[in-house]
Amino acid sequence: MEFFITGGGWITARGYGRLSEDRRVELAPGEPVLPKGREIFRPPLSRYGRFDAYTKMGCAAVALALRDAGLDESSVKRNIGIVSSSRWECLETDFEYYATTLEEDGLFTSPNLFSYTLPGIVHGECAAHFKLTGPTFSLGESGGIGMAALRAALGILQAGKANAMLAGWIESLPAERRGEPNENERPVCGALFVVLEPRSRPDARTSERLVFGKGRIVLEDGREASSILDLFRSKIR
């Protein structure tokens, strides 16, 4: 079945941007470069500055992807969902929160960090701000970057359960807490999201076709996707 990529956004250690800008996305070790809230949220999202790293990266990448697709502003609720996948999810925030419970018998436990100890918070924040009512959930990632989310999002569209889906990958765990990477993996952090729709829109800045069937995602140029990076024509450096 055919679907269309109508927008995309990314956050990496090399910067941030949108799919329609036609810039190569490079995932690399290091702290992700995050945009200011006023650059990407209309109306402003006042809580953005207080988010943990995982939620901030995820919300920023979703905002960039929706703006790229021309879907970032709406006065009504929309049947658009969000699916993300990650290997470590918000484990770094869980560690930080746990550390605050160890002092003075938990007297200084952080209520702000507690709010971000579940990976689904990023979906809730985005859904509330952008008026999205479609399916929203996070998945564990055991294969290529973002592939679990891509397959799930396309499956939801295939079943007619949403008008559009955001599919992406978020990783916030620092390299020093991942141990030694194997030869096929590099310890990188960042977030990448694409907007997927069942039909092309004339007003979309980008509209690349893909075919989804039997778990395989084949891009317009005939390549089979093995990572969400393939949708951005990108790689890990």
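Residues take numbers from 1 onward in each chain, read along the sequence in its written order. Since the coordinates come from a predicted model, pLDDT governs what is reported: local features require at least 70, and pairs of side-chain atoms require 80 or more to be given and counted, while whole-chain, interface and lining totals use all residues. Computation of side-chain values covers all heavy atoms of the structure but excludes hydrogens and water.

Topic: the overall build of the chain
Argument step 1. Scanning the chain from N- to C-terminus turns up six helices and ten strands.
Argument step 2. Atoms counted for the radius of gyration: C-alpha only. Globule rule: 2.2 Å times residue count to the power 0.38. For 237 residues, the compact-globule formula gives about 18 Å, and the C-alpha radius of gyration of the chain, at 17 Å, lands near that figure.
Argument step 3. In terms of its C-alpha atoms, the chain occupies a principal-axis envelope of roughly 60 × 45 × 30 Å.
Argument step 4. Note on exposure labels: buried denotes an accessible area under 20% of the residue type's maximum, exposed denotes more than 50%, and partly exposed covers the range between, all computed with a 1.4 Å probe on protein chains only. A buried classification covers 51% of the 237 residues belonging to the chain.
Argument step 5. A separation of at least 24 residues holds for 70% of the contacts in the chain among residues at least 6 apart in sequence.
Argument step 6. In short, Shrake-Rupley with a 1.4 Å probe defines the accessible areas, and a residue's cover is counted only from the protein chains shown. Carbon and sulfur atoms make up 49% of the accessible area of the chain, which amounts to about 11,200 Å² in all. A run of DSSP states H or I qualifies as a helix once it reaches four residues; a run of E qualifies as a strand once it reaches two. Both are numbered from the N-terminal end. A contact between two residues is defined here by any heavy atoms of the two lying within 4.5 Å.

Remarks on the state of the cysteines
Argument step 1. Cysteine sulfurs are considered disulfide-paired once they come within 2.5 Å of each other. By the definition in use, this model includes zero disulfides.
Argument step 2. With no disulfide partner, C126 has as its closest neighbouring cysteine sulfur the one in C59, 3.4 Å distant.
Argument step 3. What makes C126 buried here is its relative accessible area of 2%.

What about the nonpolar core?
For soluble globular proteins, nonpolar side chains are generally found buried alongside one another.
Argument step 1. To form a nonpolar core, buried Ala, Val, Leu, Ile, Met, Phe, Trp, Tyr and Cys residues must be joined to one another through side-chain atoms within 4.5 Å. In terms of nonpolar packing, the biggest core is built from 33 residues, with F41, L66, F130, L132, L166 and F193 touching the most fellow members.
Argument step 2. Mapped by element, the contributors of at least two residues to this core are α2 (53-68), β4 (80-86), α5 (121-130), β6 (164-171) and β7 (190-197).
Argument step 3. When residues of this core are assigned to their parent elements, the largest contribution, ten residues, is made by α2.
Argument step 4. Not counting residues up to four positions away in its chain, the partners in contact with L66 are L71, D72, F130, L132, L166 and V195.

Examining the pairing of β4
Argument step 1. Most of β4 is tucked away, with seven of its seven residues classed as buried.
Argument step 2. Covered by surrounding structure in β4 are I80, I82, S84 and S86 together with G81, V83 and S85, the residues of both alternating faces.
Argument step 3. When DSSP locates at least two bridges between a pair of strands, those strands are taken to pair. Bridge analysis of β4 against β6 gives six bridges, and the strand direction is parallel. Among the inter-strand pairings, S85 is bridged to a residue of β6, identified as W169.

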